[in-house]
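# Overview (structure and organization)
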Amino acid sequence: MKKITFMKSPVAAAVSVILTAGLMSPLYAQETTEQEEQAEQEQAIEVIQVRGILGSLARSTQFKRNSDGIVDAISAEEMGKFPDTNLAESLQRITGVTVSRVNGEGSQITVRGFGPEFNLITLNGRQMPGTGFTRSYNLENLSSEGVSALEVYKTGRAATPSGGLGATVNIVTTRPLERSGQNLVLMAKGVHDSSVVKGDTVTPELSAIYSDSFADDRFGVAFSISQYRRDFQTQQANVQGWQANVPLPGNLDASSVIDPRPIDEEGNRVGNHFFPKDMNYGFADVSQQRTNGQLTLQFAPVDGLMITTDYTASRSLTGTESFGWGIWNEFGGNINAYELDADGTAIFADIAGNDGSFTAEKGTTEVRSRSIGLNLEYEVNDSLSLWFDVHDSNTKTNDGADPGSGHFGQVILGSDQLRSKIYDYRSGDIPQMQVNWNNGTNVLGAGEIDSNFSQFFHRPAESTVQQYQFRTDWRNINTFNIPLTKVTAGVSRTDQDMGGYTAWSGLRGGPGFNPSFTQIFPDSMFTRVETGNFLDQFSGGGSDLLTNYYYTFDYDEAVARQMAYLTRDLMGDDVYLADPYINGITSESYVNEVTDAIFVQSDWEFYVRDMPANVNVGLRYETTDVTSRVRQRVERQVNWVSASEWIMQYEPQDQVSFLTLTGSNNVLLPNIDFRIELTDQLVGRFSAGKTISRAPLGALSGGRSLSGSPRPGARSGGQGNTSLLPFESTNLDLALEYYYAPGSYAAVGLFRKSVDNFIQSTITETTIDGLRDIAAGPRYQQAVASLEARGEQPTSTAIFDEMLALGFGNENGVIEPNANDPLMVWQISQPTNTDSKTVEGVELALQHVIGDTGFGFGVNATLVTGDVKFDNNSLTQQAPLTGLSDSANVQGFYEKHGWSIKLTYAWRDSYLIGVGQSQGSADAPPQYAKAYGQWDMSVNYAVTENFTIFFEGLNLTNETEQGYGRFKNQFLFARQYGPRYTLAARYSF
């Protein structure tokens, strides 16, 4: 009987190394005696049974030591038990890796300062599609139960799919023939989210994983499934964006202005000034359901041949009901008073006009992913092996998954019957707002609440990857007397399709309180709520809020009442219909990207003064063809429909057609990794090479898009560029690692990444035939002059009303442009490849197991810098690197006498989230996140060898998230989630 051999994953190979206490070496088919084979099988069984924190750390440490390049890994503590229930949360324990969170849960990763779009996620070596119209894969959508290891490759490999400029993360799933015999694990959890208000206090999570091998381990099957549900509430305060250099009134009394900026010789203030477009508060009640499943079959029909096929599927369903309240600002003659700080940021403003509103949103988003693949590994002989892999994977997102409506909807009610609004951020963690209503109080009565507008969306998207990979390994076994040990060569093709469409109803129900419809809503429809428990973790939150009340109402009732009253007979084309397709598909965009690659890689082993050394040298060449297909409606004119609402009008649907654009590029990616064992415990590394990340999908999508609601100061648009080149990074790494005891090591690493072809959006001011600007026309100026002649303040509300009084509106009270109005000036941004930028950093790590006490700890930190920062004082569009920040992680653990206890802390310094704010100036201002640290804990107790109970606590100290714009006083958001606790039981057979 011959031994069946096949290529194992690197982590699986590392497991064997731990117990054999030797170096990794190729496994060859050879004759063995029955006694030897039985001993080997027994040893393999022992390998798999290494459990717990110590086993996980030992496997990960050995994998790191024996890998080429700069590599880290996290291994499952045992079958079906990963160190964290969320894969992103696990990855942040690795040096240089930080996470971004969605709803308080790790979602995407940043590696060495390079954000999610710069990192590639693979599943068993296969490139995974992004979520929606993006390249970024959301790790929270994949259950951790079926994962055996996470491998993080920080340096490039010729044989690895390209796209991971920051890193390539490979998710390794369970393979049945790596565990002989039958194995079954069942787990049940009760999850309590302390933030929950609407929903169940405790929600269930169930999972099972099964594997078995048959026919003398020639056939194996593995199956895993998990079902997860979480109910929770998020609370937040927001400013949607900051406007730069808005018009300031010149006739204000000196007592109404505080401006510490210096004054030049001509008496003008030096520097920019910034005002908030709005101020709003809100909360969302969220219910999430996730189902994950994977089936893997393995078959070894003959010696040396392994056939693996697997199917992975996941479904995430997120239902959201949210409420918000706040104010909307426009600037100019309606500013009554203001105070700026030294940076020119408004920390207090008294602004007349516009409105205050209460908003309800409701929708369900579904994300479905599936991947099916086939893998063949064949060892032809001791010297030659072949490997072939094919898979078809896709991810679909649908924000119209609500079975009752089929859309995502927003209903805004409120009033414009006010004198002024106050914005105040002179104290506390969050800004305050207050409305001085015409009723003489700061409280709007329920009977005064009016219809502003509603809008309904449907935005499905799909990302598909079809990938074919082939490689061959030739091993130099007594063929040539040279240090060459192996040559790997191969080819691949990756065909990606990404795209989707948007259907938008436009603004229904007026909009903008024009005309007034307060009679639609009875007082009984509204419930007044005090803010005592709202944002109470922040100074100035809770009952200390200046406006310490809000109204809630039933979303479905508000929609039904408006549909019944605002009929076509009454409203004409502004009929209230909860239908995103009332005007057809608004826009449609698809990108196809085909990449062909060829590569060769060689491994060399030799001695340098009696010190074992390894060199891996590789070269990868790729060509990529890009095709963009875009369908958009043709813009006709912009109407001024209410004081604060400007709406784009479109030509009929029959004038819509697809625009097709193409582009192409090619790259040559060399790499070299050098590893030397300076002593039995000390390992040195040097790596150099090139890695890439491809341009964002939105930037590749051709065609031009304009804002559908082009208010003054927001006449913006975008245009894609299919000829964008990928980001190319030239990388240098130097590391020294000291492995001084089993599971213990210390390491220091230096890295430098010089990135070419950074993408920057340049703004072009342009006019478009037919799109005229009412606000720059003679009728608008006539209205302003009339108001000023009467001594009235020319707010946007007053100007709009005056133009109607002068007879400039149509029969529906809408002001349309005419031939005397000049063409509207649009700020169109288009991405282009620009300069090079450099990132440098140091990584420090210490992992220590304190003898046989059961105690141990791990500490790591990453310090990064570079010429990639955003210049906050410049109003030109910029191309900084998002996600760059220092980070640190601390982990302490105890594992003995059946107990397994772990306490972890993850910290990330402030960083740039992205460029552009939803209601910010056309100069694309930044969004920063403040520093964040989170404590988590897990406690496991093995009641028996097979039965374990455990407790987990996430965000134990109820940390909150905060963000800001160019300067820290430019508040953008504050978010509060609350701790989350889990009590669970696990049984293995």
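Data block above holds the structure.
Residues numbered from 1 in each chain as written. Predicted model: local features only at pLDDT ≥ 70, side-chain atom pairs only at ≥ 80, totals over all residues. Heavy atoms only, no water.

What follows deals with the overall build of the protein chain. The helix and strand tally for the protein chain stands at nine helices and 50 strands. Considering only C-alpha atoms, the protein chain reaches an extent of 105 × 60 × 55 Å along its principal axes. Here the protein chain holds 989 residues, and the buried ones make up 57% of them. In the protein chain, 76% of the contacts between residues at least 6 apart in sequence involve partners at least 24 apart. (Helix = DSSP H or I, 4+ residues; strand = E, 2+ residues; numbered from the N terminus. Buried < 20%, exposed > 50% of the residue type's maximum accessible area, 1.4 Å probe, protein only. Contact = heavy atoms within 4.5 Å.)

As a further point, take the pairing of strand β8 (residues 183-193). Covered by surrounding structure in β8 are Asn183, Val185, Met187, Lys189, Val191 and Asp193 only, the residues Leu184, Leu186, Ala188, Gly190 and His192 on the alternate face being uncovered. In this structure, β8 lies alongside strand β9 (residues 202-214), joined through ten bridges in antiparallel fashion. In the strand pairing of β9, Leu184 is matched with Tyr210. Bridge count between β8 and strand β50 (residues 980-988): nine bridges; the pairing is antiparallel. In the sheet register, Met187 faces β50, and the bridge partner there is Arg986. (Pairing = 2+ DSSP bridges.)

In a beta sheet, neighbouring strands are held together by backbone hydrogen bonds and run either parallel or antiparallel to one another. If you trace the five strands from one edge of the open sheet to the other, you get β12-β16-β17-β21-β22, paired in mixed fashion. Either end of the sheet is taken by a strand with one partner, and the two such strands are β12 (257-258) and β22 (432-437). Relative to strand β16 (residues 335-340), β12 runs parallel, the two sharing two bridges. Counted as the bridge partner of Val257 is Tyr338 from β16.

With that out of the way, let us pick up the sheet that holds strand β6 (residues 147-153). With mixed pairing, five strands are arranged side by side in an open sheet as β1-β6-β7-β4-β5. Here the strands that pair on one side only, and so sit at the sheet edges, are β1 (71-75) and β5 (126-127). Two strands pair when backbone bridges link them, and strand β4 (residues 119-123) and β5 are joined in this way by two bridges, in the antiparallel orientation. Residue pairing across strands places Thr122 opposite Gln127, the latter belonging to β5. With respect to the sheet, helix α3 (residues 52-66) is in contact with β1 and β6, its orientation differing from that of β1 by roughly 160°. (Axes fitted to C-alpha atoms, helices over the stretch in contact; angles between N-to-C directions.)

All right, on to helix α5 (residues 555-565) then. All of the buried residues along α5 are Tyr555, Ala558, Val559 and Gln562. Seen from one end, α5 has its buried residues packed into an arc of 95°, which puts them on one side. Each element contacted by the buried residues of α5 is listed here: β18 (355-379), β20 (408-415), β23 (450-458) and β27 (549-553). Put simply, Asp554 is the residue that caps the front of α5, since its side-chain oxygen is 3.2 Å from the backbone nitrogen of Asp556. (Arc of directions from axis to C-beta. Polar contact = N/O pair within 3.5 Å; in protein donor to acceptor, adjacent residues only side chain to side chain.)

All right, on to the nonpolar core then. Ranked by internal contacts, the top residues of the largest apolar core, which has 50 residues, are Met279, Tyr281, Phe526, Phe553 and Phe971. Once residues within four sequence positions are removed from consideration, Phe526 is found in contact with Leu413, Ala446, Ile449, Phe521, Tyr551, Thr552 and Phe553. Ranked by size, the runner-up nonpolar core spans 24 residues in total, among them Met648, Ala775, Val784 and Phe800. (Core = buried A, V, L, I, M, F, W, Y, C linked by side-chain atoms within 4.5 Å.)

This part takes up α3. The end-to-end C-alpha distance of α3 is 22 Å, a good match for the 21 Å that 15 residues give at a rise of 1.5 Å each. Summarising burial for α3: 13 of the 15 residues are buried, a large majority. (Expected span 1.5 Å × (residues − 1).)

All chains considered together, the criterion is met by 43 salt bridges. Across the salt bridge formed by Arg126 and Asp310, the nearest N and O atoms sit 2.9 Å from each other. Taken together, the residues Arg126 in strand β5 and Asp310 in strand β15 (residues 305-328) connect sequence positions 184 residues apart. When sorted by exposure, Arg126 lands in the same class as Asp310, which is buried. (Salt bridge = Lys/Arg side-chain N within 4 Å of Asp/Glu carboxyl O.)

Attention now goes to the packing of helix α8 (residues 778-789) against helix α9 (residues 796-805). Running from amino to carboxyl end, α8 crosses α9 at an angle of 105°, the nearest separation of the two axes being 9 Å. What the angle tells us is that α8 and α9 run roughly perpendicular. For the pair α8 and α9, the contacting residues are Arg779, Tyr780, Ala783, Val784, Ser786 and Leu787 in the first and Ala798, Ile799, Glu802 and Met803 in the second. Of the residues assigned to the contact of α8 with α9, the class counts are seven nonpolar, one polar and two charged. (Parallel < 35°, antiparallel > 145°, perpendicular 65-115°, else oblique. Nonpolar A, V, L, I, M, F, W, Y, C, P; charged D, E, K, R; others polar.)

What follows concerns the packing of aromatic side chains. Any aromatic ring pair is given by two values, namely how distant the centres are and how the planes are angled relative to each other. With the rule as written, the count across this model stands at 39 aromatic pairs. Residues Phe283 and Phe323 carry aromatic rings whose centres are separated by 5.8 Å and whose planes lie at 35° to one another, so their mutual orientation is tilted. Taken together, the residues span a long stretch of sequence, with Phe283 in strand β14 (residues 278-299) and Phe323 in strand β15 at a distance of 40 residues. We note that Phe283, like Phe323, is buried. Between Tyr549 and Tyr551, the aromatic rings sit 5.7 Å apart at their centres with planes inclined by 85°, giving edge-to-face as the arrangement. Of the two residues, Tyr549 and Tyr551, neither departs from the other in class, the shared state being buried. Following the ring pairs from residue to residue traces out a cluster consisting of Tyr281, Phe283, Phe323, Trp325, Phe358, Phe521, Phe526, Phe534, Tyr549, Tyr550, Tyr551 and Phe553. Positioned above the aromatic ring of Phe457, the side-chain terminus of Arg459 is 4.4 Å from the ring centre. The ring of Phe808 has Arg779 lying over it, and the distance from NZ or CZ to the ring centre is 5.9 Å. (Phe/Tyr/Trp six-rings, centres within 6.5 Å; stacked < 30°, edge-to-face > 60°. Lys NZ or Arg CZ within 6 Å of the ring centre and 35° of its normal.)

Along the chain, Asn955 turns up in the loop between β47 (947-954) and β48 (961-964). For Asn955, a relative accessible area of 5% puts it in the buried group. At 2.8 Å, the side chain of Asn955 forms a polar contact with the backbone nitrogen of Glu959.

So, about a nonpolar patch on the surface. Taken together, the side chains of Val302, Tyr378, Val380, Leu386, Phe470, Val491, Ile598, Val600, Leu619, Tyr621 and Leu668 present a nonpolar region at the surface, about 870 Å² in accessible area. Sorting the residues of the nonpolar patch by element identifies β28 (587-608) and β29 (611-632) as the ones contributing at least two each. For Phe470, the position within the fold is in strand β24 (residues 461-475). With relative accessibility at 35%, the residue Phe470 sits in the partly exposed group. (Patch = residues over 30% accessible without salt bridge, like charges linked within 9 Å, V, L, I, M, F, W, Y side chains within 5 Å. Areas by Shrake-Rupley, 256 points an atom, 1.4 Å probe, with all protein chains shown as cover.)

Let us look at the pairing of strand β39 (residues 823-833). When strand β35 (residues 716-719) meets β39, the two strands line up parallel, connected through three bridges. Bridging from a neighbouring strand, Ser716 pairs with Gln827 of β39. Direction of pairing for strand β38 (residues 759-772) relative to β39: antiparallel, over a ladder of ten bridges. If you follow Glu765 over to β39, its bridge partner there is Gln827.

Now for unusual backbone geometry. For Asp217, which is not glycine, the phi torsion reads 60° and is therefore positive. In this structure, Asp217 sits in the loop between β9 and β10 (219-238). With relative accessibility at 26%, the residue Asp217 sits in the partly exposed group.

This part is about the environment of Pro979. Mapped onto the elements of the fold, Pro979 is located in the loop between β49 (971-976) and β50. With near-sequence residues (within four places) excluded, Pro979 lies in contact with His192, Asp193, Ser194, Leu954, Asn955, Leu956 and Asn958.

Glancing now at the environment of Pro794. Inspection of the secondary structure puts Pro794 in the loop between α8 and α9. In sequence terms Pro794 and Val367 are 427 residues apart; their C-alpha atoms lie 48 Å from each other. Those residues in contact with Pro794, other than ones at most four positions away along the chain, are Gly333, Val784, Leu787, Glu788 and Ile799.

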